[in-house]
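Spelled out from the first residue to the last, the chains are:
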Amino acid sequence: MSNNREQWSSKASFILAAAGSAVGLGNIWKFPYIAGENGGAAFLFIYLICIVLVGLPILNIEILLGRATQKNPVGAFKTLTDKPFWKYVGALGVFASFTILSFYSIVGGWSVAYTFEALKGTFSSFDNPQMAADFFNLKNSSPMWVIGWHTVFFLMIVGIILSGVRAGLEKASKFLMPVLFGILMILVVQGLMLPGADGGVSFLFSPDWSKINPQTFLLALGHAFFTLSLGMGAMMTYGSYLSEKDDVVNASYMVAFLDTVIAILAGVAIFTVVFSSGYDPAAGPGLVFHVLPPLLAQLVGGYIFALLFFLLLTIAAVTSGISILEVSVAYLVDELKYSRKKATLTMGMLVYLAAIPCALSFNLWSDVTLLGTGLTFFDAADFLASNVLLPLGGFFLAIFAGYVWGIDEVVRNLLIGDSGSVYFGNSIFKSSSFKSVFSFLIRYLSPVLIFLVFLYVLGWI
Ligand code: TRP
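For every chain, the first residue of the written sequence is number 1, and numbering continues from 1 onward in sequence order. Where local features are concerned, this predicted model is filtered to residues with pLDDT of at least 70; where side-chain atom pairs are given and counted, the filter is 80 or more; whole-chain, interface and lining totals use all residues. Where side-chain values are given, they derive from all heavy atoms of the structure, hydrogens and water being excluded.

Attention shifts here to the nonpolar core. The set of buried Ala, Val, Leu, Ile, Met, Phe, Trp, Tyr and Cys residues whose side-chain atoms join them within 4.5 Å is what this entry labels a nonpolar core. For each residue, the accessible area found with a 1.4 Å probe, counting protein chains only, is set against the maximum for its type, and the residue is called buried under 20%, exposed over 50%, and partly exposed in between. Ranked by size, the top nonpolar core spans 163 residues in total, and within it Phe289 and Phe309 carry the most contacts. Numbering of helices and strands runs from the N terminus; a helix is a DSSP stretch of H or I covering at least four residues, while a strand is a stretch of E covering at least two. For this core, the element with the most residues is helix α14 (residues 302–335), which contributes 19 residues. Residues count as neighbours in contact if any of their non-hydrogen atoms are within 4.5 Å of one another. If sequence neighbours within four positions are ignored, Phe309 has contacts with Ile28, Leu187, Ile270, Val288, Leu292 and Leu296.

Before going further, it helps to spend a moment on the side chain of Thr314. Position of Thr314 relative to the elements: it lies in helix α14. One polar contact links Thr314 to Thr115, side chain to side chain, over a distance of 3.0 Å. Residues contacting Thr314, with those up to four places away along its chain left out, are Ser111, Val112, Thr115 and Met156. Here a polar contact is recorded for every N or O atom pair within 3.5 Å, except that within protein the pair must consist of a potential hydrogen donor and a potential acceptor, and residues adjacent in sequence are included only if both atoms are side-chain atoms.

Only heavy atoms are used to decide nearness, and a residue is near a molecule or strand if one of them lies within 4 Å of it. Around the ligand, the structure places 17 residues, and the nearest of them are Ala22, Gly26, Tyr104, Phe226 and Ser229. Residue Ser21 places a main-chain N or O atom 3.2 Å away from a nitrogen atom belonging to the ligand. Within the backbone of Leu25, a nitrogen or oxygen atom sits 3.0 Å from an oxygen atom of the ligand. The protein chains shown are the only cover counted for residues, whose accessible areas, like all others here, come from Shrake-Rupley with a 1.4 Å probe. For the ligand, the protein covers 100% of the area, taking 370 Å² as the surface of the free molecule. Buriedness for pockets is judged along seven lines, at least five of which must meet protein on both sides within 12 Å for an open set on the 1 Å grid over protein atoms alone, while cavities are sets there where a 1.4 Å probe fits but cannot get out, and lining residues have an atom within 4 Å of a point. Occupancy of a cavity or pocket is assigned to a molecule whenever over half of its atoms lie within 2 Å of that pocket's grid points. Among the cavities detected, the one that contains the ligand is the largest cavity. Side-chain classes are defined by residue name, with Ala, Val, Leu, Ile, Met, Phe, Trp, Tyr, Cys and Pro counting as nonpolar, Asp, Glu, Lys and Arg as charged, and the others, Gly among them, as polar. A class-by-class count of the residues in the shell around the ligand yields nine nonpolar, eight polar and no charged.

So, about empty space enclosed by the protein. Grid points are joined across faces, edges and corners, and a volume is the space filled by probe spheres set on the points. By the definition in use, this model includes three cavities of 30 Å³ or more. Taken as a whole, the largest cavity spans an internal volume of roughly 150 Å³. Taken together, the residues of the lining of the largest cavity sort by class into 10 nonpolar, eight polar and no charged. By volume, the second largest cavity amounts to about 100 Å³. Lining the second largest cavity are 14 residues, and of these Val89, Gly93, Gly231, Met232 and Gly233 lie nearest its centre. Residues of the lining of the second largest cavity, tallied by class, amount to nine nonpolar, five polar and no charged.

Helix axes are fitted to C-alpha atoms over the stretch in contact, other axes to C-alpha atoms as well, and angles between N-to-C directions run from 0 to 180 degrees. For the pair helix α3 (residues 41–69) and helix α18 (residues 432–457), the least separation of the axes is 10 Å and the interaxial angle reads 115°. Compared by their axis directions, α3 and α18 come out roughly perpendicular. Pair α3 / α18 crosses with left-handed handedness. For the pair α3 and α18, contact is made by Leu53, Val54, Pro57, Ile58 and Ile61 and by Phe438, Leu441, Ile442, Leu445, Ser446, Leu449 and Ile450, respectively. Partitioning the contact of α3 with α18 into residue classes produces 11 nonpolar, one polar and no charged. Angle categories are assigned with fixed cut-offs, so that under 35 degrees is roughly parallel, over 145 is roughly antiparallel, 65 to 115 is roughly perpendicular, and the rest are oblique. Helix crossings get a hand from a simple test, with the near helix turned counterclockwise from the far one by less than a right angle marking a left-handed crossing and a clockwise turn marking a right-handed one.

A word on helix α8 (residues 165–192). One less than the number of residues in a helix, times 1.5 Å, gives the span that helix is expected to have. With 28 residues, α8 should reach 40 Å at 1.5 Å per residue; the first-to-last C-alpha distance of 38 Å fits that figure. We define the bend at any residue as the angle between the axes fitted to the seven residues before and including it, ending there, and the seven starting there. If you look at α8, its biggest bend is around 25°, right at Lys171.

Two aromatic rings, taken as a pair, are described by how far apart their centres are and by the angle between their planes. Any two rings among Phe, Tyr and Trp, with Trp reduced to its six-membered ring, count as a pair given centres within 6.5 Å; such a pair is stacked if its planes are under 30 degrees apart, edge-to-face if over 60, and tilted if neither. Counted according to the given criterion, the structure contains 43 aromatic pairs. For the pair Tyr114 and Phe136, a centre-to-centre distance of 6.3 Å together with 65° between the ring planes defines the contact as edge-to-face. Of this pair, Tyr114 sits in helix α5 (residues 84–120) while Phe136 sits in helix α6 (residues 129–140), placing them 22 residues apart in sequence. Accessibility assignment for this pair places Tyr114 and Phe136 in one class, buried. Judged by centre distance (5.5 Å) and plane angle (70°), the ring pair of Phe395 and Phe396 falls under edge-to-face. For the pair shown, Phe395 and Phe396 are each scored as buried. Taken together, the ring pairs in this structure connect Phe103, Trp110, Tyr114, Phe123, Phe126, Phe135, Phe136, Phe289, Phe309, Phe310, Phe362 and Phe378 into an aromatic cluster. When the ring centre of Tyr338 is taken as reference, the NZ or CZ atom of Lys342 above it lies at 4.2 Å. Our definition puts a charge over a ring when NZ of Lys or CZ of Arg is within 6 Å of the ring centre and also within 35 degrees of the ring normal.

Close approach of charged atoms allows side chains of opposite charge to pair. Put simply, a salt bridge is a Lys or Arg side-chain nitrogen that is within 4 Å of an Asp or Glu carboxyl oxygen. Per the counting criterion, the structure on display carries eight salt bridges. The partner of Asp382 in a salt bridge is Lys30, and the shortest N-O contact between them spans 3.3 Å. With a gap of 352 residues between them, Asp382 in helix α17 (residues 377–414) and Lys30 in helix α2 (residues 25–37) connect regions that are remote in the sequence. Each member of the pair, Asp382 as well as Lys30, carries the same accessibility label: buried. Where Lys78 meets Glu335, a salt bridge forms, and the shortest distance between an N and an O atom there is 3.0 Å. Taken together, the residues Lys78 in helix α4 (residues 73–80) and Glu335 in helix α14 connect sequence positions 257 residues apart.

Now for the side chain of Ser105. Along the polypeptide, Ser105 turns up in helix α5. Ignoring any residue separated from it by four or fewer positions in sequence, one finds Ser105 in contact with His150, Phe153 and Phe154.

This brings us to unusual backbone geometry. Its identity as a non-glycine residue notwithstanding, Gln70 has a phi of 55°, on the positive side. Of note, Gln70 is situated in the loop between α3 and α4. Notably, Ser229 is not glycine yet its phi reads approximately 55°, a positive angle. When you line up the elements, Ser229 lands in the loop between α10 (214–227) and α11 (234–239).

This is the structure we're talking about:
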């Protein structure tokens, strides 16, 4: 174990930080609109299957690889195998951290900006979502506005990372996650009390099976990766600050559980408002920034609800943003022996600049599309990360764990650490039937499903 590498002060701190990474814009901005566009409950059902059968096993593997090696993704693979190929898989993770943050930080910037607009009371003058959409487009037509808020968001992340694992990442999550949960509960309760709220609830919980097609499945799988922060070494990096006495299996359940519950609660908070005002749940990516502000602001006490909602979105974005940047920072610290300060400032600067083309996608460069894909920089970064880099990372992780490191070694490591619980901890791996199910999921089911997603994304099936 490297001598002065920092560690979380407890398993609970790790769970909060990892849940902070998992619970992000994916839960509050993306999940509701993807579910909205794909039939609500039908999508939710498939998504839950993907979380349990693919997400959870891979989450265990990622955290375990971090804990076992106490290294960033590149260092982790280097420690466990001599084959140079795997080093590049780790490097793919570092590259993905760049790509994701370059568009994530733009949406994070919007969230901060909207918190300020809510504070100023801007939304109370909007009578309908069209006005809010015009406002959004007008603001985004100014490169300075988008870049400015991206800068504010970025400074927040860099500030937290500079303070280190305990004083930065851990402290921020310990403070922010309970606040996030408290705000969400307030919004859920107020949503449920609205007239017509049951329309929103049944949209989310009574499935219309006719809405399910192969596309639903692929979207759900891709989103399962994104929402659990899998496939690029973020969970591996967080796991690398975990000590051997902490049970990975139990922590993984907790993180996946919290992430899923929070996504569903966000869905309830949002769809109750949307349905009670009679709007279309399938509003797409604009759901949160166009449809919601006027609807929230028109409620009794709407000023507070709009403010709380964007604060919630900002907190979710910040605690996830730090986990994305931490991957690249840990790489520089472990592999190139940079100090944390130098690593954070170097990577922070590079990723900050890499995000500028995404910021310009809404104004100066809105006509610039990449290599015949028809996608702007922003859309391309989202597409490349969510549909290519993360599933690819997940695929290689499953192959590595199942065939290179080997299931026996994985299970031997998973059994290290104490959960103190039979059903919700690693002791479940003492049962040989559970072990074979796990082995099947990692060696066969995950790689095959991910492979199919690829063929589909590439347009081959
Ligand atoms: N899981 C976060 C969300 O739902 C996003 C995120 C944070 C992420 N870290 C990641 C996604 C690492 C992929 C990989 O918004």
